[in-house]
Amino acid sequence: MTESAPVDPTSTDGWKKLAQIADGFTPDLRGWFDTDPGRAERYTFQAADLTVDLSKGLVTDEILQDLLQVAKDTGVAERFQAMLAGEHINATEDRAVLHTALRRPKGASPALVVDGQDVDADVHATLDKVYAFATKVRDGSWTGVTGKRIETVVNIGIGGSDLGPVMVYEALKPYVQAGLEARFVSNIDPADIYEKTADLDPETTLFIVASKTFGTLETLTNARLARQWLWERLGLTDSSDDEKSNAVAKHFVAVSTALDKVAAFGIDPENAFGFWDWVGGRYSVDSAIGTSVVIAIGPENWEQFLAGFHAIDEHVRTTPLEQNVPVLMGLLNVWYSNFLGAQSHAVLPYTQYLHRFAAYLQQLTMESNGKRVRWDGSPVTTETGEVFWGEPGTNGQHAFYQLIHQGTRLIPTDFITVAKPARPLKDETGDGKAVQPGQDVHALFLANFFAQTKALAFGKTADEVRAEGTTDEAIVSARTFTGNKPSTSILAPELTPSVLGQLIALYEHIVFTEGTIWGIDSFDQWGVELGKQLALQIAPAVDGDQAALDAQDSSTKALIAKYLELRGE
């Protein structure tokens, strides 16, 4: 089906009012808090286990109401329901968008039937297959070709087949079964697979090749290298094809639907776990793409992970826009980027286990909303997308926070933390000054979390600097902080599988909200295709084909020629 034309957000009354407010807008967080004792409570919301404080954002009740009107006028709630129902809202590929179906509980009623297919049945059949295989690896009943149990799982994928699993594995390391480890290979740079396999025992290593089509250049190149490594390390280089095939069958499985290609590689199609064209790679971490993590943390924890996603899905589905957390966060992002000129957005987790979360969000957000045309093919009428980036605190404080605090660019920030650490420790000695003996280190860590959002919001006036004894006015200026730097604080009880699922779903639906308002298809990714096509055309030139080299533009030709010279070829 073809979707109707999107609503032009700039034509709505809410957008026009916001434009008027933005003209000459001067935020005053100090004043707003001083004159409004209920601001923090009014702008703090709950979504499942996530407490989300928007009060330090550059928003007033009037701005929020106008933003909500834009959401209503552009049909955010209606389009979300259409997505849940399986309508083909991925217009350029004429597909349903059903990542939310990956976490629907077994037996959910009514059953989800889309394009004549029982989606619930398909999803849970695949989940059961993944769970059964993961259990065999975990209990040792699945062994390598020499009879030894698996100790290391190496996931080979790229994009959504890598960023999601590695982020989730790192985030949930406290839940990983003792004696098991997962590693992740994505880059076609041979250094990646070399370093990930150099110290491994081939007898106890299992490779998971994650590629829906089993044709992704980087993934299949690395898979062949892994197969070559296995044969060499097992001493099978000169062995019979049957012996080689038997080794591959015991040390390789696939996440793919191209069973013929899987079989041709040597993987038993029975050990291939599929997913569907209605889920894009960046939305697929809770599908069979997460098989490596299911093995590591176990099916029970994975079920809790899925339940966390579903809790936020239900929050979005059932909560009015006025209290709907992902919608509100998406609306604030629209306000910052379309009206206040923000071009980037920092995500700052104050929990080390989320150290790959910002990298994961880069694909989710920028591949989804980095678009210049709307879903009907017409040009966008607004700026779209934001540059997402970040690092865990407190590392970031000693790196780029200077730019956020005192730079000239507006950089909205999301601070994420948990109340209960997975690894609590006390500094029994302390330094006798700032850190007293017996200091709970997580509490010290969280003091930084709270301090940073306060400093960003309220800054430090010149008078406050002078009151501390600074008299040189040049130094006073350097030590003055303007404040009014917007932040959102997200606090969870602890980083459980469920909470991690909630955080991922939160950002999925923020992306959805923004994309709907901008009128773009957040679920295709045509922008990644051109470079891949050109790489295949250029590869012969890089390999020394003179005709292919002559066909390149002068810059590319010169660069390739220099590369060949430096290689001594």
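Residues numbered from 1 in each chain as written. Predicted model: local features only at pLDDT ≥ 70, side-chain atom pairs only at ≥ 80, totals over all residues. Heavy atoms only, no water.

Trainee: What is the right way to look at the overall build of the protein chain in this model?
Mentor: Helix and strand counts for the protein chain come out as 23 helices and 15 strands. Every one of the 569 residues in the protein chain was classed for burial, and the buried ones make up 53%. Relative to all contacts within the protein chain whose residues are 6 or more apart in sequence, the contacts with residues 24 or more apart total 73%. Summed over its atoms, the accessible surface of the protein chain is roughly 24600 Å², and 52% of this surface lies on carbon and sulfur atoms. (Helix = DSSP H or I, 4+ residues; strand = E, 2+ residues; numbered from the N terminus. Buried < 20%, exposed > 50% of the residue type's maximum accessible area, 1.4 Å probe, protein only. Contact = heavy atoms within 4.5 Å. Areas by Shrake-Rupley, 256 points an atom, 1.4 Å probe, with all protein chains shown as cover.)

Trainee: Honestly, the pattern of salt bridges in this entry has me stumped. Any pointers?
Mentor: Oppositely charged side chains can form a pair if their charged atoms are brought close together. Applying the stated criterion to the full structure yields 25 salt bridges. One salt bridge connects R103 with D286, and the closest N-O pair in it is separated by 2.9 Å. Residue R103 is found in the loop between α5 (76-85) and β3 (113-114), and its partner D286 is found in the loop between β9 (272-273) and α12 (291-297); the two are separated by 183 residues along the sequence. A single burial state applies to R103 and to D286, both of which are buried. Overlapping salt bridges bring together R103, D286, D313 and E508 as one network. (Salt bridge = Lys/Arg side-chain N within 4 Å of Asp/Glu carboxyl O.)

Trainee: When you look at the pairing of strand β15 (residues 487-494) in this model, what are you seeing that I'm missing?
Mentor: Two elements, strand β2 (residues 50-53) and β15, share 3 bridges in a ladder whose sense is antiparallel. Looking across to β15, one finds that V52 is bridged to I490. Sheet analysis places strand β12 (residues 413-420) next to β15, joined by 7 bridges and oriented parallel. Each residue of the ladder has a partner; that of F415, found in β15, is S489. (Pairing = 2+ DSSP bridges.)

Trainee: What is the right way to read the nonpolar core from this model?
Mentor: The tendency in soluble globular proteins is for nonpolar side chains to be buried side by side. Among the nonpolar cores identified, the biggest contains 121 residues, and W335, F357, L500, I504 and Y507 are the most heavily contacted of them. With 12 residues, helix α20 (residues 497-518) is the single largest residue contributor to this core. Residue contacts for L500: discarding those within four places in its chain leaves M167, V168, A171, L172, F305, L354 and L495. One finds I156, I193, W231 and I267 within the second-largest nonpolar core, a separate group that totals 24 residues. (Core = buried A, V, L, I, M, F, W, Y, C linked by side-chain atoms within 4.5 Å.)

Trainee: Hey, could you run me through the pairing of strand β8 (residues 252-255) in this one?
Mentor: Burial along β8 is two-sided: the residues F252 and A254 and V253 and V255 are all buried. By the bridge criterion, 4 bridges tie strand β7 (residues 205-210) to β8 in an arrangement that is parallel. The residue of β8 that forms the bridge with A210 is V255. Where β8 lies against β9, 2 bridges are found, and the strand directions are parallel. Bridging across to β9, V255 finds its partner in F273. In terms of handedness, the path from β8 via helix α11 (residues 259-265) over to β9 forms a crossover that is right-handed. (Right-handed = clockwise from strand over helix to strand, strands pointing away.)

Trainee: I'm lost on the packing of aromatic side chains in this one. Help?
Mentor: The relation between two aromatic rings is expressed through the spacing of the ring centres and the mutual angle of the planes. This model, assessed by the stated rule, comprises 26 aromatic pairs. With centroids separated by 5.7 Å and ring planes inclined at 80°, the aromatic side chains of F357 and Y507 adopt a geometry described as edge-to-face. Of the two residues, F357 is situated in helix α15 (residues 357-369) and Y507 in helix α20; the sequence distance between them amounts to 150 residues. Each member of the pair, F357 together with Y507, is buried. (Phe/Tyr/Trp six-rings, centres within 6.5 Å; stacked < 30°, edge-to-face > 60°.)

Trainee: Would you take a moment to explain the environment of A399 for this structure?
Mentor: Locating A399 in the fold gives a position in the loop between β11 (387-389) and α16 (401-406). Spatially, the C-alpha atoms of A399 and V334 are 27 Å apart, while their sequence positions differ by 65 residues.

Trainee: Teacher, can you tell me more about the sheet that holds β7 here?
Mentor: With parallel pairing, the 5 strands of this open sheet are ordered in space as β6-β5-β7-β8-β9. The open sheet terminates on both sides in strands that have one partner only, identified here as β6 (181-185) and β9. Of the strands in this sheet, β6 and β7 are in contact with helix α8 (residues 190-197), which crosses β6 at around 165°. (Axes fitted to C-alpha atoms, helices over the stretch in contact; angles between N-to-C directions.)

Trainee: Looking at this model, I keep getting lost on the side chain of S368. Mind explaining?
Mentor: Tracing the sequence through the fold places S368 in helix α15. There is a polar contact of 2.7 Å between the side chain of S368 and the side chain of R282. (Polar contact = N/O pair within 3.5 Å; in protein donor to acceptor, adjacent residues only side chain to side chain.)

Trainee: Just to check I follow, could you spell out helix α4 (residues 61-73) for this structure?
Mentor: For an α-helix, the turn length of 3.6 residues means that residues three or four places apart are oriented alike. End to end, α4 covers 18 Å across 13 residues, agreeing with the expected 18 Å (1.5 Å per residue, within 8%). Where α4 is concerned, the buried positions are I63, L64, D66, L67, L68, V70 and A71. Along its buried surface, α4 packs onto α1 (13-22), α5, α14 (325-339) and α20. A positive phi of about 75° marks G75, the residue just after α4. (Expected span 1.5 Å × (residues − 1).)

Trainee: Before we go on, may I ask you to explain the environment of V435 in this structure?
Mentor: Here V435 lies in the loop between β13 (426-427) and β14 (439-440). Apart from residues no more than four positions distant in its own chain, V435 is found in contact with D427, G430 and L444.

Trainee: Help me out: how do you make sense of helix α10 (residues 241-251) in this one?
Mentor: Listed as buried for α10 are K244, A247, V248 and H251. Relative to the axis of α10, the buried residues are bounded by an arc of 100° and lie together on one face. Taken together, the buried residues of α10 touch β7, α9 (217-233), β8 and α11. (Arc of directions from axis to C-beta.)

Trainee: I would appreciate a short explanation of a nonpolar patch on the surface in the present structure.
Mentor: Residues I188, L217 and L536 make up a contiguous nonpolar surface patch of about 270 Å² in total accessible area. By the secondary structure assignment, L536 is in helix α21 (residues 529-542). (Patch = residues over 30% accessible without salt bridge, like charges linked within 9 Å, V, L, I, M, F, W, Y side chains within 5 Å.)

Trainee: Whenever I open this one, the environment of I208 confuses me. Can you help?
Mentor: Relative to the assigned elements, I208 resides in strand β7. For the pair I208 and G157, spaced 51 residues apart in sequence, the C-alpha to C-alpha distance is 8.4 Å. Excluding residues that lie within four positions of it along the chain, I208 makes contacts with V153, V154, N155, I156, V253, V255, T291, S292 and I295.

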